[in-house]
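Observations on the three-dimensional arrangement
Next come the chains, spelled out residue by residue.
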Amino acid sequence: MSSTSSIRVRFAPSPTGMFHVGGARSALFNWAMAKQSGGTLVLRIEDTDTSRNSPEWTEGIIRALAWLGMDGGEYEGPYFQSANAGKHAQAVRTILDQGRAYYCDCTRDAVIARTGDQNKGYDGFCRDRGLEPGPGRALRFRTPDEGQTVVVDLLRGKPVFENAVLEDFVIARADGSVTFLLANAVDDMSQGITHVVRGEEHLSNAPKQQLLWEALGGEPPVWAHVPVIVNEQRKKLSKRRDKVALEDYQAEGYLAEAMRNYLMLLGWAPSNDREIVPWSEIVDEFRIEDVNTSPAFFDVKKLRAFNGEYIRALPVERFTAECLPFLEEAPFDIDPAVFDQLAPLAQTRVAVLAEIVQMVDFAFLDEPPFDEQSWNKGMKGPAAEILAAAEEAYRDAPWETEELKTRLEQVGTAHGLKLGKTQAPVRVAVTGRTVGLPLFESLEILGRERTLARIAAARTKLAAG
């Protein structure tokens, strides 16, 4: 694809109450394509379906795009499809005047009764009935009986569709509202769209939309139908079965940079087997023609690993700032000075920011949280003896990380245990969990008085059975 500022690609989501990660990937592909070509990204909200036309849902789309990095300065718009109703109506009249559309009162049940096939498309029954517009009568586009429609697709070459097998499709409903197929074609023409990047499930719509473009005197855009995104069972991602809302990942504490990087790899790969790649380099290297057509696996575990990498690469000051919204919702108050000490330790451990709450809660609660599984795992064997020895060893120890570690190692040696086994009951006594931040740094930050009080409380609990 040649680099030219005349390229205009559009992202046209429908408000649905949540922003699908598949839509987010399409948005990013469109954005990257526009940026690397010096072209323009056009944002259009497909809001003609009144059942989905909610201002809150539209605002959700805008917020989601902004979180990914696409604020208002990165695209033209947003335009609203509903604002083009006049042009849609004119297109209907143009097609009718050409004799390329007709009214139809067939129900789906009637078509099935005639054809005997639930999967068969419309059979053209009303083509020559000469029906006038009226209640219950939709307007269908008359597809050609002969010839072929060739779709130029940057990923798939030139798929050929035999016109004879294309059903006469509805372009306007009985209430006069136009369908997605016509509205999209009209809007793309009026907004000068040259390239359309969208999911492969729309490939079957492309020949129909091309026929509409041609009927309306326009030159169809260049298409790019990107691969479907699947889950670990290799089934298409579904909001009924999978976690697909971008907002849910944001709420869990995934960083926009990590999500953006990961989504770009669903069908495309940077050079030299790299995966963690800055956005600026992705934009420089991305070419829509290089996108693979095989289904792309949305691997949540890999996304989580990506996010951990991005978190660890943050300046600690930004990591602290990113954690604050999660800590503000926690059931305890934080001491900023204490958290500033814990943050560098936590940054090496968390994979998503929401984990910060359980990672540091022990330092801000009056008593450590109680987790029965952790207690049962950590407080077995010689746990009581180790806690007693640790309490004694720590009573007069210089309160700094290395000395605290050395003292506990000595306790373990006396009991014939390695440090990992020795520190387990101490960790559970002090933090409430078997896993967490580095133990001895945590003890230093917590302080002698609180550490010894928690060890003593754990000994009492153990003795009580």
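First things first, this report covers the structure right here in the doc. Predicted, not measured: the structure shown is a model, and the values here were computed from it.

Moving on, we come to a negative patch on the surface. Residues Glu400, Glu402, Glu409 and Glu444 make up a contiguous surface patch of negative charge. If you trace the backbone, Glu444 turns up in helix H18 (residues 439-446). According to the relative accessible area criterion, Glu444 is partly exposed, its value standing at 34%.

At the junction of Gly77 and Pro78, the peptide bond is cis and its omega measures out at 10° in the coordinates. Summarising the element assignment, Pro78 is placed in strand E3 (residues 76-80). Located in the positive-phi region is Arg234, a residue other than glycine, with phi close to 65°. The residue Arg234 is located in the loop between strand E11 (229-230) and helix H7 (246-252) in this model.

Let us look at the packing of aromatic side chains. For the coordinates displayed, the defined rule picks out 12 aromatic pairs. Summarising the aromatic geometry, the rings of Tyr262 and Phe298 are spaced 5.6 Å apart at their centres and angled 80° between planes, so their arrangement reads as edge-to-face. Here Tyr262, found in helix H8 (residues 256-264), pairs with Phe298, found in the loop between strand E12 (296-297) and helix H10 (300-312); they are 36 residues apart in sequence, far enough to count as distant. Here the two residues Tyr262 and Phe298 agree in accessibility, since each one is buried. Both rings, one in Phe332 and one in Phe364, keep their centres 5.9 Å apart while their planes meet at 15°; by these two values the pair is stacked.

What follows is about the pairing of strand E5 (residues 138-141). Neither face of E5 is open: one carries Ala138 and Arg140, the other Leu139 and Phe141, and all of them are buried. Alignment of strand E4 (residues 101-104) against E5, held across 4 bridges, turns out to be antiparallel. Bridging across to E5, Tyr103 finds its partner in Leu139. In this structure, E5 lies alongside strand E8 (residues 170-172), joined through 2 bridges in antiparallel fashion. Bridging across to E8, Arg140 finds its partner in Val170.

Further remarks concern helix H16 (residues 401-414). Over its 14 residues, H16 runs 20 Å from end to end, which matches the ideal 20 Å to within 8%, given 1.5 Å per residue. Thr401, Leu404, Arg407, Leu408, Val411 and Gly412 are the residues of H16 that are buried. Around the axis of H16, the buried residues are gathered within 145° of arc, so they sit on the same side. Exposed residues lying more than 90 degrees from the buried face of H16 are Thr413 and Ala414. As for H16, its buried residues are in contact with helix H15 (383-395), helix H17 (419-431) and H18. At the N-terminal boundary of H16, the capping side chain belongs to Glu400, with an oxygen 3.2 Å from the backbone nitrogen of Glu402.

The strand order across the open sheet formed by 5 strands is E3-E2-E1-E9-E10, and the pairing between neighbours is parallel. Two strands close off the open sheet at either side, each with one partner strand: E3 and strand E10 (222-226). The mean angle between the axes of side-by-side strands here comes to 25°, regardless of whether they run parallel or antiparallel. Two elements, strand E9 (residues 195-199) and E10, share 5 bridges in a ladder whose sense is parallel. Bridging across to E10, Arg198 finds its partner in His225. Packed onto the sheet, helix H1 (residues 21-37) meets strand E1 (8-11), strand E2 (40-45), E9 and E10 and runs at close to 165° relative to E1. Along the sheet, helix H2 (residues 55-68) makes contact with E1, E2 and E3, crossing E2 at roughly 155°.

Another aspect to go through is the nonpolar core. Counting 53 residues, the largest nonpolar core has Ile288 and Phe298 as its most contacted members. Once residues within four sequence positions are removed from consideration, Ile288 is found in contact with Phe29, Met33, Leu154, Leu155, Val197, Ala224 and Val226. Of all hydrophobic cores here, the second largest spans 52 residues; its members include Val360, Phe362, Met379 and Trp399.

Further remarks concern the packing of helix H3 (residues 85-97) against helix H5 (residues 180-190). Helix-helix packing is described using two parameters, namely the angle between the two axes and the distance between the axes. Two numbers describe how H3 lies on H5: the axes approach to 10 Å, and their chain directions differ by 105°. In terms of orientation, H3 and H5 fall into the roughly perpendicular class. In this structure, H3 contributes Lys87, His88, Ala91, Val92 and Ile95 to the contact, and H5 contributes Leu182, Ala183, Val186, Asp187 and Ser190. When grouped by side-chain class, the residues that make up the contact of H3 with H5 number 6 nonpolar, 2 polar and 2 charged.

What counts as what
- Residues numbered from 1 in each chain as written.
- Predicted model: local features only at pLDDT ≥ 70, side-chain atom pairs only at ≥ 80, totals over all residues.
- Heavy atoms only, no water.
- Patch = residues over 30% accessible without salt bridge, like charges linked within 9 Å, V, L, I, M, F, W, Y side chains within 5 Å.
- Areas by Shrake-Rupley, 256 points an atom, 1.4 Å probe, with all protein chains shown as cover.
- Salt bridge = Lys/Arg side-chain N within 4 Å of Asp/Glu carboxyl O.
- Lys, Arg positive; Asp, Glu negative; His and termini not counted.
- Charge placed at Lys NZ, Arg CZ, Asp CG, Glu CD.
- Helix = DSSP H or I, 4+ residues; strand = E, 2+ residues; numbered from the N terminus.
- Buried < 20%, exposed > 50% of the residue type's maximum accessible area, 1.4 Å probe, protein only.
- Phe/Tyr/Trp six-rings, centres within 6.5 Å; stacked < 30°, edge-to-face > 60°.
- Pairing = 2+ DSSP bridges.
- Expected span 1.5 Å × (residues − 1).
- Arc of directions from axis to C-beta.
- Contact = heavy atoms within 4.5 Å.
- Polar contact = N/O pair within 3.5 Å; in protein donor to acceptor, adjacent residues only side chain to side chain.
- Axes fitted to C-alpha atoms, helices over the stretch in contact; angles between N-to-C directions.
- Core = buried A, V, L, I, M, F, W, Y, C linked by side-chain atoms within 4.5 Å.
- Parallel < 35°, antiparallel > 145°, perpendicular 65-115°, else oblique.
- Nonpolar A, V, L, I, M, F, W, Y, C, P; charged D, E, K, R; others polar.

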